[in-house]
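One-letter residues, chain by chain:
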Amino acid sequence: MTLLRNSGYWRWSAGVQLNRLPGMMAPLAFTVLTTATTGSYRLGGIMMAVFVAAEMVGAVPTGRLLDRVGPARGLVVLLPLVAAGLFLLAAVASAGAPDWVLLALAIPPGLVAGGLNGGFRTLLAATVTEEELPRAVSVDAMILEGVIVGGPLLVALLATSGPVVPILAMAVVALLAALLVPRRTVPRDPQRTVERQSIPVAACVPWLAGLFTVGLLLSTIEVGLLPLVLRLGAPESATAIVIVVLCGASIAGSALYAMRGKAGDPRLFLAGFVVGGIVVSAGFGWDGLLGGVALIGLCTGPLMAVSSVNLQKLLPERRRSEGFSLAFTVQASGFGLGSLAIGVLPVWLCPLLGVLAALVSCAMLVARPRRAIGTPSVTS
């Protein structure tokens, strides 16, 4: 594969994974910090909610800023600001600050961090060729699974040295990500327009809906995993088996998509979400739960990849950081809504929300497939 020999891609990959790692570490790191310094693990959960809310509020403005100054230049400046905010949080927590101060200090790094994923995703378009892009996005999804699992494990290891150490490590990781921001990019077509164009919102909506569906359905399974297992009469420890199946299937689906190296039809992956969600909801025993989760996992990586590739085709080049930041925010809102649903609805009903979202997304793509699937870039 040409991608495997692309050193620029692997530098980008290392940088984006380091950028993501603090977010994966944050839930457990905040809980460890507040439990040790204030005696309240619940405060850690509130801190995480505040941090995520700040990310969602700051995502689009930060992405717009990155588009104006250039993603590479902006990331080099903003990542150290995230690190500075985390260093300050660790220092203030060590000094025994009151709860409201800790909550307030979780806001600034969240506001800045919200749009950084969009900036990195924009740089990917300038790091690999258009032919390499589907494979590049799929390989990234496979590596991301390791970051998702590795973040909490790293916190658990570092917490043995002190409750503030994981927060300090998050700051250091952000600084390392700044050092790995790609500088070299693929040559650009000199005929490509440089004027600031509007985002074709109507054409982007089906792909945003697909990403929302991913967040919604996955959260109802991941957050509701314990009640889903308990209703089958299995012990709590059995949740680990389901997590392994979900992660393994997701990696396998991304690997198969990467081997193919082409953007597939998202309606196939959405159909997998529909079938998998119904099977999980119906409660067809242990085999049904594992089978439904595996099907959803197999379709997750490809659906995210094809959505990302098509969004890039639709987004104007000078507004991609803003557009991708919006996409990440939409996906995060789906995850948040699914988590909320687990708290207020019967557990069997929650996966059906993801099924409904998948059906709506599929209907959008059926209604106007030529506008959404494989259309040429509006910036060409």
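Labelled according to an unreviewed UniProt entry, the protein appears under the name MFS family permease, originating from Amycolatopsis roodepoortensis.

Nonpolar side chains tend to gather and get buried jointly when the protein is soluble and globular. Grouped together as the largest cluster of nonpolar side chains are 96 residues, with contacts concentrated most on Phe 30, Leu 75, Leu 79, Leu 124, Ile 167, Phe 273 and Leu 311. Ranked by residues supplied to this core, first place goes to helix α13 (residues 285-314) with 11 residues. Sequence-distant contacts of Leu 124, defined by excluding residues within four places in its chain, comprise Tyr 9, Trp 12, Leu 133, Ala 136 and Val 137.

Mapped onto the elements, Leu 124 comes out in helix α6 (residues 116-125). The class for Leu 124 is buried, based on a relative accessible area of 1%.

Next up on the list: the packing of aromatic side chains. The full count for this structure, using the stated rule, is four aromatic pairs. An angle of 70° between the planes, with centres 5.0 Å apart, marks the rings of Tyr 9 and Trp 10 as edge-to-face. Given a relative accessible area of 0%, Tyr 9 falls into the buried group. Centre to centre, the rings of Tyr 9 and Trp 12 are 5.7 Å apart; their planes meet at 25°, and the pair counts as stacked. Within this pair, Tyr 9 and its partner Trp 12 are both found in helix α1 (residues 7-37), separated by three residues, close to a single helical turn. A connected cluster of aromatic rings, assembled from ring pairs, spans Tyr 9, Trp 10 and Trp 12.

Here we take up the confidence of the model for the protein. Looking at the protein as a whole, the pLDDT averages 85, with 91% of positions reaching at least 70. Here helix α16 (residues 369-372) stands out as the element of the protein with the lowest mean pLDDT, 45, in contrast to helix α8 (residues 165-179), whose mean of 96 is the highest. Here residues 189-193 scores under 50 on pLDDT; set against residues more than four positions off or in separate chains, the count is four contacts. Scored below 50 in pLDDT, residues 370-380 makes 33 contacts in the model with residues more than four places away or belonging to other chains.

On the surface, Phe 87, Leu 168, Val 172, Leu 175, Leu 176 and Leu 179 cluster together into a nonpolar patch covering about 490 Å² of accessible area. Among the elements that line the nonpolar patch, the one with the most residues is α8, at five residues. In this fold, Val 172 is placed in helix α8. Here Val 172 falls in the partly exposed class, since its relative accessible area comes to 41%.

Here we come to the side chain of Arg 121. Inspection of the secondary structure puts Arg 121 in helix α6. The buried charged residue Arg 121 lacks any salt bridge partner; its closest oppositely charged side chain belongs to Asp 140, at an N-O distance of 7.1 Å. Discounting chain neighbours no more than four positions away, the residues touching Arg 121 are Trp 12, Leu 133, Val 137, Ser 308, Val 309, Gln 312, Phe 324 and Phe 328.

If you check α13, its first and last C-alpha atoms are 43 Å apart, about what 30 residues at 1.5 Å a residue would give, namely 44 Å. The sharpest bend along α13 comes to roughly 30°, located at Thr 300, with the proline Pro 302 sitting one to four residues further on.

In total, this model carries four salt bridges according to the counting rule given. Arg 20 serves as the salt-bridge partner of Asp 140, at 2.8 Å between the closest nitrogen and oxygen. Of this pair, Asp 140 sits in helix α7 (residues 133-158) while Arg 20 sits in helix α1, and the two are 120 residues apart along the sequence. Across this residue pair, the class does not change: Asp 140 and Arg 20 are buried. The closest approach of N and O atoms between Arg 267 and Asp 265, which form a salt bridge, is 2.9 Å. Relative accessible area serves as the criterion here: at 24%, Arg 267 is assigned to the partly exposed category. We classify Asp 265 as partly exposed; its relative accessible area is 34%. Ionic contacts of the salt-bridge type, sharing partners, join the residues Arg 64, Arg 319 and Glu 322 into one network.

The N-to-C vectors of helix α9 (residues 201-222) and α13 enclose an angle of 155°; their axes lie 9 Å apart at closest approach. Between α9 and α13, the angle is such that the two are roughly antiparallel. When you trace α9 past α13, the crossing you get is left-handed. Here Ala 203, Cys 204, Trp 207, Leu 208, Gly 210, Leu 211, Val 214, Leu 217, Leu 218 and Ile 221 of α9 come into contact with α13, specifically with Val 293, Ile 296, Thr 300, Leu 303, Met 304, Val 306, Ser 307, Asn 310, Leu 311 and Leu 314. When the residues that make up the contact of α9 with α13 are grouped by side-chain class, the tally is 16 nonpolar, four polar and no charged.

Thresholds, definitions, all that
- Residues numbered from 1 in each chain as written.
- Predicted model: local features only at pLDDT ≥ 70, side-chain atom pairs only at ≥ 80, totals over all residues.
- Heavy atoms only, no water.
- Core = buried A, V, L, I, M, F, W, Y, C linked by side-chain atoms within 4.5 Å.
- Buried < 20%, exposed > 50% of the residue type's maximum accessible area, 1.4 Å probe, protein only.
- Helix = DSSP H or I, 4+ residues; strand = E, 2+ residues; numbered from the N terminus.
- Contact = heavy atoms within 4.5 Å.
- Phe/Tyr/Trp six-rings, centres within 6.5 Å; stacked < 30°, edge-to-face > 60°.
- pLDDT = per-residue confidence, 0-100.
- Patch = residues over 30% accessible without salt bridge, like charges linked within 9 Å, V, L, I, M, F, W, Y side chains within 5 Å.
- Areas by Shrake-Rupley, 256 points an atom, 1.4 Å probe, with all protein chains shown as cover.
- Salt bridge = Lys/Arg side-chain N within 4 Å of Asp/Glu carboxyl O.
- Lys, Arg positive; Asp, Glu negative; His and termini not counted.
- Expected span 1.5 Å × (residues − 1).
- Bend = angle between axes of the 7 residues up to and from the residue.
- Axes fitted to C-alpha atoms, helices over the stretch in contact; angles between N-to-C directions.
- Parallel < 35°, antiparallel > 145°, perpendicular 65-115°, else oblique.
- Left-handed = near helix turned anticlockwise from the far one by under 90°.
- Nonpolar A, V, L, I, M, F, W, Y, C, P; charged D, E, K, R; others polar.

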